[in-house]
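A structural walkthrough
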Amino acid sequence: MLGRTLREVSAALKQGQITPTELCQKCLSLIKKTKFLNAYITVSEEVALKQAEESEKRYKKGHSLGDLDGIPIAVKDNFSTSGIETTCASNMLKGYVPPYNATVVQKLLDQGAVLMGKTNLDEFAMGSGSTDGVFGPVKNPWSYSKQYREKTKHKAHGENEDSNWLITGGSSGGSAAAVATFTCFAALGSDTGGSTRNPAAHCGVVGFKPSYGLVSRHGLIPLVNSMDVPGILTRCVDDAAIVLGMLAGHDPKDSTTVQDPVKPFTLTSLTDVSKLCIGIPKEYITPELSSEVQSLWSKAANLFESEGAKVIEVSLPHTSYSIVCYHVLCTSEVASNMARFDGLEYGHRCDIDVSTEAMYAATRREGFNDVVRGRILSGNFFLLKENYENYFIKAQKVRRLIANDFVNVFNSGVDVLLTPTTLSEAVPYQEFIKEDNRTRSAQDDIFTQAVNMAGLPAVSVPMALSNQGLPVGLQFIGRAFHDQQLLTVAKWFEKQVQFPVTQLQELMDDCSSVFEIEKLAAVSLKQ
Amino acid sequence: MAAPMLRGWWFARRGALACVDGGSRHGRGAAIGCRSSGQRGQSSVAQQPLITAQKSGKGEHEWAAVVGLEIHAQISSNSKLFSGSQVQFAAPPNSLVSFFDASLPGTLPVLNRRCVEAAVMTGLALKCHINKKSLFDRKHYFYADLPAGYQITQQRLPIAVNGSLEYSVCVGKKRSQVITRTARIKQIQLEQDSGKSLHDELRSQTLIDLNRAGVGLLEVVLEPDMSCGEEAATAVRELQLILQALGTSQANMAEGQLRVDANISVHHPGEPLGVRTEVKNLNSARFLARAIDSEIERQINELENGREILNETRSFDCKLGCTIPMRDKEGKQDYRFMPEPNLPPLLLYDTASLPPGADPQQVINIDRIREQLPELPSETREQLVQQYGMLPEHSFTILNEVGLLEFFQNVIKETRAEPKKVTSWILNNFLGFLKQQNLAVNESPVTPSALAELLNLLDRKAISSSAAKQVFEELWRSKGKTPSQIVSEKQLELMQDGEALDQVCLAVMEEHPQVVLAMKRGNPRAINKMIGLVRKATLSRADPTVIKEILEKKLSS
């Protein structure tokens, strides 16, 4: 049952094949078994069981709230959850229990979803590995998959097995791992420069970043307000669409959300892609791109072409400025957004009470890690009166150019862009930490970041396993507020490539039967 | 909420009350001479065109002062600028604080429509250009009562610009000459108020009250077009009246709803403007003019003694009666302004630009607000002069005293007495009594109806004017009694019965044959003496003119 998609398990709940409580307990048991992955910071077991119980009552009365009723979900620990600790993986917010729910969380709960817990991340979502949180790194479940183990057996020989584990990517690595290990059916991530799509690609799940303004940010603890969007991680495109349908629309508490009402939608199944025009941005062919990912990317392009779609090379000429531009805008907003963490109203406060200023300084030194402090420092530098014109204003202008690149391409008749999500498959933790957070973020966001500058919708869809047996995802980028069209194309692609399910039996023997059966069921139930 | 004591919390507050332009010199070419005289300390009237420093023979220099103002007015609204918390003065500490006001992470600002309308209305009343597109910015500084670490304001593109404030000063010996002056308004911007810090030095703690945090403010920036304390104080008073007439701010200085910072410099006419200082937190109408004049005087003194003026922030010490520097260790602060990313540009429309089919709840139409503009104080004064023949200077007094205009209008409504008479009674007797007892109009024991009734009695000659004054004094003492009651209790009504008065006259004449003799000889003082005697006999209840008529009739008969 756990291996099923959200839609399938929703059908099973409606048909009474399983009760919400049973489903919740199965997920809780899996969460315990996969605890070593460090995907969850907080497991809200009691709350989840209570919510499941209520859902069960509704099903018994025949008053289910809809597709999400009784469905276990997980939420990245930078979304405010009423009564449940929300830490942003930072000492600064350890023990902070918000008195309110983020709008997206509230909407999921209103639909009857069951909240399993809060997932791990890089501190304040600053990172691309899910390695820089105060609760430790998240381990990629594929490190322990049959597929990966078989391919790398010879290499691992003689070494301590556990030191070879892979990163999940980030910063929503906990959410990606949670979905990949079947501990929930959908998870919320956040995406500022690729934080949902990057771990989705590394963990073999679907990672969707909606158009900026389509989904409320109220209650999402901000990284960069002008680029943040709540992301959706699921095991298939259809599920992402279902969740988007629940979340999209105007929120009076977020003035940057769309005013126009969003119509609920269901994804159609494309049968014919011959009217589609797929753009391949030539600037995304970089020397750092692994040959394996590049060849899968070509294969995907060929797939569209062979099915009759028009596939053309396009140019996004300002792409190379994206990362440096992002650095200025991101750190500036970070410097501003982090100013509120002063130890006064909430969060960590140091013991020093010589003066308010001394208290501020010590609180912030103790509360933030080096990455956060470094970004605050750079951001404040860029915002200084003497630097503002030269850095912030220029970066804003470059941002406009980057956004216009996309507008121009879409105006030329391209429907969807097809790009890699990441440079390569997931790398081992030991390898990853050889470079610092800033370098890694700059490298890893290269294909995902510009999308956030432009506010466009984008989705990473797992395509295939690499030679090492690790997932590789490709990214589709759509026109602003054409999220539905984007997901429709992604769904077609997903169906063509038939990405395999993770095989984690070696680690979870007693669950093996579940996965064996469900793997097949999952495929056959798809419409 | 409590924080450790701010080190030197008495230093310059840079938050809601900070200056907008960064330069240290006033940007205006020519100065209008300050008309304050050399002696000051009292509210000196603008009379001489320039300040003359103490005459020291040759080398006598004239000084001109330049004063610009930044005025923060709390918007009168039910809820705060960006949150749904209530706005209320003197509520229990931290009882009006939303999650946003406390800057809980993840909360976002939502602009309050009422505050925008108030800003537009104020802008229109002050003849500003209303920007159809304005922007919000974050201004960063760390302070315990600024929970987010930044204030949301309008630094780059404010909601209203380029207006003017006309105010009038009374000059001349009797202050009967009214001169109108104009101060240009640079801009009006919407911004958040900060919370309040209460410093408990005993326990070395700072206590924070966030009730005020996030309340909407209008920052009105007046160009340095004023030249002395009195002008500045008069301009502020006029702005206060305008805001109150509009209902956009209660503008009560005692409750902190109107706060003033002044930029002050002095120079020799014809020479470039001097280095300016900023005198902050002039939050009392009483001290506003004094603080500015004392700072002008200090600057002149400094310069005359060969010292320099520092571009610094000062505050007025009302005990010492002079300004003192606010010790500011951090030096110049960089506010690191940044666009507020959570608020889209604020777009306003007029009837011509209104998008078709726009939801009226979602858009603000400037023209509609213009139609709703109430009568402004200058129009009200004009009306008083036109309708009641009031002297212009009296119309100022009537408006300047809180509640006096309403009192005046209520009396007028209920009395048949001449408006001039009403004005004179209100300005001389009524206001005099209030001042004497240090009372506000709404604390007066004499109601408009009572005064109207009294004036009616006087008007139909039921009492004499001296009796009227007696009744008025009595009204002040014995609350609840009507003028008629007092008149009858004290037997103050004029004798209307001619026969009776005739009898009294006869009797008095018989008692004083010598005076009668003198009268008959044509001694002009005699008749007055006799009138006085008769009045005394009637206990002042007879009209002297009537007595005179009777006496004259009797003499000639």
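Residues numbered from 1 in each chain as written. Chains lettered and ligands numbered in written order. Predicted model: local features only at pLDDT ≥ 70, side-chain atom pairs only at ≥ 80, totals over all residues. Heavy atoms only, no water.

1. A closer look at the nonpolar core
The cut-off we apply is this: Residues grouped as a nonpolar core are buried Ala, Val, Leu, Ile, Met, Phe, Trp, Tyr and Cys residues, joined through side-chain atoms within 4.5 Å. Only protein chains enter the calculation, and the probe is 1.4 Å; a residue is then buried if its accessible area is under 20% of its type maximum, exposed if over 50%, and partly exposed in between.
One finds A:Phe124, A:Phe304, A:Phe406 and A:Phe476 to be the most contacted residues of the largest nonpolar core, which totals 160 residues. Core analysis: the next-biggest nonpolar cluster, separate from the first, contains 68 residues, B:Phe136, B:Leu288, B:Ala291 and B:Ile364 among them.

2. Examining the UniProt feature "domain: Amidase" (unreviewed entry) in chain A
All names here are of chain A. Which entries qualify depends on this criterion: UniProt positions are given in the numbering used here, feature names are shortened, and annotations may be inferred rather than shown by experiment. Numbering of helices and strands runs from the N terminus, with a helix taken as a DSSP run of H or I at least four residues long and a strand as a DSSP run of E at least two residues long.
UniProt annotation of "domain: Amidase" (unreviewed entry) refers to residues 25-145 and 166-487 when read in the numbering used here. Between the end C-alpha atoms of residues 25-145 there is a gap of 23 Å, over a span that is 28% helix and 12% strand. The annotated region residues 166-487 carries 42% helix and 14% strand content, and the separation between its end C-alpha atoms amounts to 29 Å.

3. Quick look at the packing of helix 5 (residues 377-388) of chain B against helix 7 (residues 404-414) of chain B
Residue and element names in this part refer to chain B. The test is simple: Comment: axis = line fitted to C-alpha atoms, over the contacting stretch for helices; angle = value between 0 and 180 degrees taken between N-to-C directions. The cut-offs work like this: below 35 degrees is roughly parallel, past 145 is roughly antiparallel, 65 to 115 is roughly perpendicular, and the gaps in between are oblique. Here a crossing is taken to be left-handed if its near helix is turned anticlockwise relative to the far helix by less than a right angle, and right-handed if that turn runs clockwise. Contacts are assigned to residue pairs with any non-hydrogen atoms lying within 4.5 Å of each other. Polarity classes work like this: nonpolar for Ala, Val, Leu, Ile, Met, Phe, Trp, Tyr, Cys and Pro, charged for Asp, Glu, Lys and Arg, and polar for all others, with Gly in that last group.
The geometry of helix 5 relative to helix 7 is characterised by a closest axis approach of 13 Å and an angle of 30° between their N-to-C directions. The angle between helix 5 and helix 7 places the two elements in the roughly parallel class. By crossing handedness, the relation of helix 5 to helix 7 is classed as left-handed. Side by side, helix 5 and helix 7 meet where Thr380, Leu384 and Tyr388 of the first sit next to Leu405, Phe408 and Ile412 of the second. Counted by class, the contact of helix 5 with helix 7 contains five nonpolar, one polar and no charged residues.

4. Quick notes on the pattern of salt bridges
Stated formally: Basic side-chain nitrogens of Lys or Arg form a salt bridge, by our definition, when they fall within 4 Å of a carboxyl oxygen of Asp or Glu.
Applying the stated criterion across every chain, the model contains 36 salt bridges over all chains. Between A:Lys60 and A:Glu56 there is a salt bridge whose closest N-O contact spans 3.9 Å. Taken as a pair, A:Lys60 and A:Glu56 lie in helix 3 (residues 45-61) at a separation of four residues, close to a single helical turn. Its relative accessible area of 15% is what places A:Glu56 among the buried residues. For B:Arg298, the salt bridge is made with B:Glu295, and the minimal N-O distance between the two is 2.8 Å. In this pair, B:Arg298 and B:Glu295 are both assigned in helix 3 (residues 285-304), three residues apart and thus about one turn of the helix distant. With a relative accessible area of 19%, B:Arg298 lands in the buried category.

5. Considering the interface of chain B and chain A
Here is the rule we go by: When two parts are brought into contact, each loses some accessible area as probed by a 1.4 Å sphere; the total of that loss over both is the buried area. Here a polar contact is taken to be a pair of N or O atoms separated by no more than 3.5 Å, where protein atoms must pair a possible hydrogen donor with a possible acceptor and residues adjacent in sequence count only if both atoms sit in side chains.
The interface of chain B with chain A comprises 38 residues on the first partner and 49 residues on the second. Carbon and sulfur atoms supply 57% of the area buried between chain B and chain A, which totals about 3400 Å² over both sides. Where chain B packs against chain A, one counts zero salt bridges. Run the count over chain B and chain A and you get 16 residue pairs in polar contact (both at pLDDT 80 or more). Of all the elements, strand 1 (residues 2-4) of chain B adds the most residues to the side of chain B that touches chain A, at three residues. The residue inventory of the side of chain B that touches chain A, partitioned by class, reads 26 nonpolar, eight polar and four charged.

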